Amino acid sequence: MLAWLHRLASPKRFHGLAGFFITWCGWGALVLFASGLYYSLFNSPPDYQQGESIRIMYIHVPAAWNSMFIYITMAIASLFVLVWRIKAAAAVARACAPLGAMFTFLALATGSLWGKPMWGAWWVWDARLTSELILLFLYLGFMALQSAIEDKDAAARAAGVLAIVGIINIPIIYYSVEWWNTLHQGATITLSEKPKMNTDMFISLILMSLAFKFYFVVAVLRKARNEMLEREQNSQWVKEMLGGSDERK
Amino acid sequence: MSVNEFFHMGGHGFYIWVSYGLALVLMVTAFIPPIFQERKLIKQITRRLRREQREQS
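Residues numbered from 1 in each chain as written. Chains lettered and ligands numbered in written order. Predicted model: local features only at pLDDT ≥ 70, side-chain atom pairs only at ≥ 80, totals over all residues. Heavy atoms only, no water.

### Some thoughts on the overall build of chain B
Step number 1: When its secondary structure is counted, chain B shows 2 helices and 0 strands.
Step number 2: Relative to its length of 57 residues, chain B is extended, with a C-alpha radius of gyration of 23 Å against a globular reference of 10 Å.
Step number 3: In terms of its C-alpha atoms, chain B occupies a principal-axis envelope of roughly 75 × 20 × 5 Å.
Step number 4: Summed over its atoms, the accessible surface of chain B is roughly 4,000 Å², and 62% of this surface lies on carbon and sulfur atoms.
Step number 5: Once the 8 positive and 4 negative side-chain charges of chain B are each reduced to a mean point, those two points are 12 Å apart. (Helix = DSSP H or I, 4+ residues; strand = E, 2+ residues; numbered from the N terminus. Rg over C-alpha atoms; globule rule 2.2 N^0.38 Å. Areas by Shrake-Rupley, 256 points an atom, 1.4 Å probe, with all protein chains shown as cover. Lys, Arg positive; Asp, Glu negative; His and termini not counted. Charge placed at Lys NZ, Arg CZ, Asp CG, Glu CD.)

Structure representation (structure tokens):
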């Protein structure tokens, strides 16, 4: 099992797989963004209560979902680092953090821009907003810890522990709107129920969410692949890949 | 619907366009550097490998 896992996650294998996903998810993201933006800006109705400002939802909710999804990805990758010492997983976890922080910031900022016209306030200290802000600090802490420790493997393990402990914040964010009295509205879409919203709104939200996910896959793999290439530049497979064409000279 | 009306967004134009603009700016800025980094990295490694090969022969 262990040997199989290491072979599967070998740097060379990772490089090939990443290339495959970067290409196809890249095209997927383009198509999804094009159709998602068309739906969210032109082909979906204004909300009967919130008017046109509902269109902020198509950025805000996908960003917030990504912020949690990326954290879970980072924590799982960290688990692979801690338990099986897989280098590619460390590269993925490291690449996740700035992207996760970016989407958390985007969720907070667009939430603010939505809150101002709807609630009359840029910010309120309620459970949802506060726990999302804590998520931002978790990402920043992870990045700080990574750069504070010189030895990259030790840094990945230390930050990995932080990532795994911090995952407790994810269900808190998710259920915060149910556990506490809050200004923030409840979940727009749940897995267990049929969506209560208009079909075109639902399509807009799904398209944009998928576009954000695909974007993340491409962005994270590009960064992780670069890091692996840099670390592995003296290994045989990199020499074969980049030096092979020059043997004729 | 006129172009003006579209950008006005029923009075919420500012909030909506700043949201979309911010998303665009952030996602593009995060995406560009790794592309150049990869190009530079490949160039560096190829050059080094070529040099080593020359030294060997």
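Further notes follow.
### Focus on the interface of chain B and chain A
Step number 1: Between chain B and chain A, the residue contacts involve 29 residues of the former and 43 residues of the latter.
Step number 2: Summed over the three residues of chain B that lose the most area to chain A, namely Tyr-15, Tyr-20 and Met-27 of chain B, the buried surface amounts to 21% of that side.
Step number 3: Linking chain B with chain A are 2 salt bridges.
Step number 4: Glu-38 of chain B is the partner of Arg-222 of chain A in a salt bridge, and the nearest nitrogen-oxygen pair spans 3.1 Å. (Contact = heavy atoms within 4.5 Å. Buried area = accessible area lost by both parts, 1.4 Å probe. Salt bridge = Lys/Arg side-chain N within 4 Å of Asp/Glu carboxyl O.)

### Some words on the packing of helix H3 (residues 57-84) of chain A against helix H5 (residues 127-148) of chain A
Residue and element names in this part refer to chain A.
Step number 1: Where H3 contacts H5, the two axes come as close as 11 Å, and the packing angle between them is 40°. Here H3 lies oblique to H5, going by the angle between them. Crossing of H3 over H5 shows left-handed handedness. The residues of H5 that touch H3, namely those facing Ala-64, Ser-67, Met-68, Ile-70, Tyr-71, Met-74 and Ser-78, are Glu-132, Leu-135, Leu-138, Tyr-139 and Phe-142.
Step number 2: When grouped by side-chain class, the residues that make up the contact of H3 with H5 number 9 nonpolar, 2 polar and 1 charged. (Axes fitted to C-alpha atoms, helices over the stretch in contact; angles between N-to-C directions. Parallel < 35°, antiparallel > 145°, perpendicular 65-115°, else oblique. Left-handed = near helix turned anticlockwise from the far one by under 90°. Nonpolar A, V, L, I, M, F, W, Y, C, P; charged D, E, K, R; others polar.)

### Considerations on the packing of aromatic side chains
Step number 1: Considering all chains together, one arrives at 21 aromatic pairs over all chains under this definition.
Step number 2: With 4.8 Å between their ring centres and 5° between their planes, Phe-42 of chain A and Phe-6 of chain B make a pair best called stacked. Within this pair, whereas Phe-42 of chain A is found in the loop between helix H2 (11-41) and H3, its partner Phe-6 of chain B is found in helix H1 (residues 3-8), the two belonging to separate chains.
Step number 3: Between Phe-80 of chain A and Trp-84 of chain A, the ring centres sit 4.9 Å apart and the planes meet at 45°, which makes this aromatic pair tilted. Taken together, the residues Phe-80 of chain A and Trp-84 of chain A, both in helix H3 and 4 residues apart, mark about one turn of the helix.
Step number 4: Given the relative accessible area of 30%, Phe-80 of chain A is considered partly exposed.
Step number 5: According to the relative accessible area criterion, Trp-84 of chain A is partly exposed, its value standing at 24%.
Step number 6: Each member of the aromatic cluster is reached from another via a ring pair, and the members are Tyr-38, Tyr-39 and Phe-42 of chain A together with Phe-6, Phe-7, Trp-17 and Tyr-20 of chain B. (Phe/Tyr/Trp six-rings, centres within 6.5 Å; stacked < 30°, edge-to-face > 60°. Buried < 20%, exposed > 50% of the residue type's maximum accessible area, 1.4 Å probe, protein only.)

Treat this as a map of the structure, not an account of what it does.
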